[in-house]
Amino acid sequence: MTTGYDDRDGKIWMDGKLVEWRDAKVHLLTHGLHYASSVFEGERAYNGKIFRSMDHSVRLRKSAEYIDFEIPFTVEEIETAKYETMKANGLTDAYVRAIAWRGAGPDMGVASARNPVRLAIAAWEWGNYYGDAKYKGAKLDISKWKRPSPETIPCFAKAAGLYMICTMSKHAAEAKGCSDAMMFDYRGYVAEATGANLFFVKDGEVHTPLPDCFLNGLTRQTVITMLGEKGIKVHERHITVEELERFEQCWLTGTAAEVTPVGQIGAYNFEVGALARDISESYEKLVRV
C-alpha cells in the first residue's frame, strides 16, 4: 500500500454493515481516542480461512470484559462479519483487524458508561511483518520500557493502551536499524517483543517466557503444541537476561510475525538454526491446511 490506510478502495464493516473504506470514520470526541478504551485483534487468513478465527473472536470479547465493556455482537456475529469483510474486498489471503471501542456519547470524562460500544472490521493484504528478516533472522534492540505489573493494568487484554510503550520501543529500535525490541517485565525477566512472543533454544530444548504479565499469544500456544507433537521439550518459565548468551537459537511468534527467526538481541547473537527454520516452515504448512 503506497497511500495512507485511510485512502484506498474497498469496504470496512462497521457496526453491522459494510461501508466505503474512506467513509469509515469516527468523531473527534470518541472516548476510545482520548482514553484508550479500545481492544482489538490481528488475524491472518490463508486460502480463504482465518487461522484460529473463533479463538480470536472469543479473545476480543474477553479483552473488552477486562477493560469494563461488552461488545454488542456475539462471537458468531463477529465471525460472520469477518468473512463478509474479506469477501467484500475480494481477499482470500489477508490480515484481518477487528477493533471495538467506546464511541462518542454523553460522557467525555474518564467515565464513559453511557457511551455506545462500537465494532469495526477491516482486511487487507499484508506481507511478512519483518520483511526478509524471516529468512535472515530479525535484529532486536532491548527496550528501556518494561511490561507492567498485573496490579497496575489488565495485562491479559489485547487493549490499545498497552501498546503505547510498544510503539515507543519499536520506534527507538528502528532508529538503530533494528526490526523490533525485546522488552523485560516489571521484575526484570525477559518478557516479549513489542508485538510477538519469544522462544529460545538450548541443547535441543525450548525455553519461552512464562506469560504471567503479558499476552499468551495464540500463535505462541500453537507453536508450543507443534513442538510437543515433534517430541521437543518446552520450558515455560522466567528467563533472566544473563541466560541470553547461552541460548543457541531464537524466534518470534505472532499472528503478524508468524514464526520469524531472530539473529540478534542487543549484544547477543543467535544462529538461524535448523529448529527455528523447521518450526517456521511447519507453521506455514499448518495455517494453509
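You'll find the structure just up there.
Residues numbered from 1 in each chain as written. Predicted model: local features only at pLDDT ≥ 70, side-chain atom pairs only at ≥ 80, totals over all residues. Heavy atoms only, no water.

Our focus in this paragraph is the overall build of the protein chain. Summing up its helical and strand segments, the protein chain has seven helices and 15 strands in all. Dimensions of the protein chain along its principal axes, counting C-alpha atoms only, are 55 × 40 × 35 Å. Counting only residues that meet the buried cut, the protein chain has 50% of its 289 residues in that class. For the protein chain, the share of sequence-separated contacts (at least 6 apart) that also reach a separation of at least 24 residues comes to 69%. Summing over all exposed atoms, the protein chain offers an accessible surface of approximately 13,600 Å²; the carbon and sulfur share of this is 52%. Each charge class in the protein chain was averaged separately, 36 positive and 40 negative side chains, and the resulting centres sit 1 Å apart. (Helix = DSSP H or I, 4+ residues; strand = E, 2+ residues; numbered from the N terminus. Buried < 20%, exposed > 50% of the residue type's maximum accessible area, 1.4 Å probe, protein only. Contact = heavy atoms within 4.5 Å. Areas by Shrake-Rupley, 256 points an atom, 1.4 Å probe, with all protein chains shown as cover. Lys, Arg positive; Asp, Glu negative; His and termini not counted. Charge placed at Lys NZ, Arg CZ, Asp CG, Glu CD.)

So, on to the sheet that holds strand β6 (residues 117-124). Sheets are built from strands that pair by backbone hydrogen bonding, the pairs being arranged parallel or antiparallel. The antiparallel open sheet is built from six strands, whose spatial order is β2-β1-β6-β5-β3-β4. The open sheet has two free edges, formed respectively by β2 (17-20) and β4 (49-50), since each of these has just one partner strand. Bridge analysis of strand β1 (residues 11-14) against β2 gives four bridges, and the strand direction is antiparallel. What sits directly across from Trp 13, in β2, is Leu 18. Running over the sheet, helix α3 (residues 75-88) touches β1, β2, β3 (38-46), β4, β5 (94-102) and β6 and is turned about 40° from β6. (Pairing = 2+ DSSP bridges. Axes fitted to C-alpha atoms, helices over the stretch in contact; angles between N-to-C directions.)

So, about the packing of aromatic side chains. Per the stated rule, a full pass over the model turns up twelve aromatic pairs. Measuring from ring centre to ring centre gives 5.8 Å for Phe 51 and Tyr 283, while their planes differ by 85°; the resulting arrangement is edge-to-face. Here Phe 51 is found in the loop between β4 and α2 (53-66), whereas its partner Tyr 283 is found in helix α7 (residues 274-286), with 232 residues between them in sequence. As far as burial versus exposure is concerned, Phe 51 and Tyr 283 are alike and both buried. Look at Phe 200 and Phe 247: their rings are 4.7 Å apart centre to centre, the planes differ by 20°, and that puts the pair in the stacked class. Residue Phe 200 is found in strand β10 (residues 197-202), and its partner Phe 247 is found in the loop between β12 (234-237) and β13 (249-254); the two are separated by 47 residues along the sequence. Under the relative-accessibility criterion, Phe 247 is labelled buried at 4%. Taken together, the ring pairs in this structure connect Tyr 5, Tyr 95, Trp 124, Trp 126, Tyr 129 and Tyr 130 into an aromatic cluster. Sitting over the face of the ring of Trp 21, Arg 8 holds its NZ or CZ atom 4.6 Å from the ring centroid. (Phe/Tyr/Trp six-rings, centres within 6.5 Å; stacked < 30°, edge-to-face > 60°. Lys NZ or Arg CZ within 6 Å of the ring centre and 35° of its normal.)

The final tally for this structure, using the stated rule, is 18 salt bridges. The shortest N-O distance in the salt bridge between Asp 9 and Arg 22 comes to 3.0 Å. Taken as a pair, Asp 9 in the segment before β1 and Arg 22 in the loop between β2 and α1 (31-35) lie far apart in primary sequence, 13 residues in all. Asp 9 gets classed as exposed once you look at its relative accessible area, which sits at 61%. In this structure, Lys 82 engages Glu 79 in a salt bridge whose closest nitrogen and oxygen atoms are separated by 2.9 Å. Of this pair, Lys 82 and Glu 79 both sit in helix α3, three residues apart, which is roughly one turn of that helix. (Salt bridge = Lys/Arg side-chain N within 4 Å of Asp/Glu carboxyl O.)

In this fold, Ser 149 is placed in the loop between β7 (138-147) and α5 (164-175). Look at Ser 149 and you get buried, because its relative accessible area is 10%. One polar contact links the side chain of Ser 149 to the main-chain amide nitrogen of Glu 151, over a distance of 3.0 Å. (Polar contact = N/O pair within 3.5 Å; in protein donor to acceptor, adjacent residues only side chain to side chain.)

For α5, which comprises twelve residues, the first-to-last C-alpha distance of 17 Å matches the rise-based estimate of 16 Å (1.5 Å per residue) to within 8%. Buried within α5 are the following residues: Ile 165, Cys 166, Ser 169, Lys 170 and Ala 173. Each buried residue of α5 sits inside an arc of 135° when the element is viewed along its axis, so together they form one side. The exposed residues of α5 that point more than 90 degrees off its buried face are Met 164, His 171 and Ala 175. Contact partners of the buried residues in α5: β7 and β8 (180-185). Backbone geometry just downstream of α5 places Gly 177 in the positive-phi region, at approximately 85°. (Expected span 1.5 Å × (residues − 1). Arc of directions from axis to C-beta.)

Turning our eyes to something else, we now look at the nonpolar core. Across soluble globular proteins, nonpolar side chains have a tendency to be buried as a group. The biggest cluster of nonpolar side chains holds 25 residues, and the ones touching the most others in it are Val 39, Leu 60, Phe 69, Ile 71, Ile 78, Leu 119 and Ile 121. Of all the elements in the fold, those that place two or more residues in this core are β3, α2, α3, β5 and β6. Once residues within four sequence positions are removed from consideration, Val 39 is found in contact with Leu 60, Ser 63, Ala 64, Ile 67, Phe 69, Ala 98, Ile 99, Ala 100, Lys 158 and Ala 159. Formed by 20 residues, the second largest nonpolar core is a distinct cluster that contains Ala 133, Val 190, Ala 193 and Cys 250. (Core = buried A, V, L, I, M, F, W, Y, C linked by side-chain atoms within 4.5 Å.)

All right, on to the environment of Asp 107 then. Along the chain, the position of Asp 107 falls in the loop between β5 and β6. For the pair Asp 107 and Thr 30, spaced 77 residues apart in sequence, the C-alpha separation works out to 9.6 Å. Apart from the residues lying within four places of it in its own chain, the contact partners of Asp 107 are Ser 112, Ala 113, Arg 114 and Asn 115. One polar contact links Asp 107 to Arg 114, side chain to side chain, over a distance of 2.7 Å.

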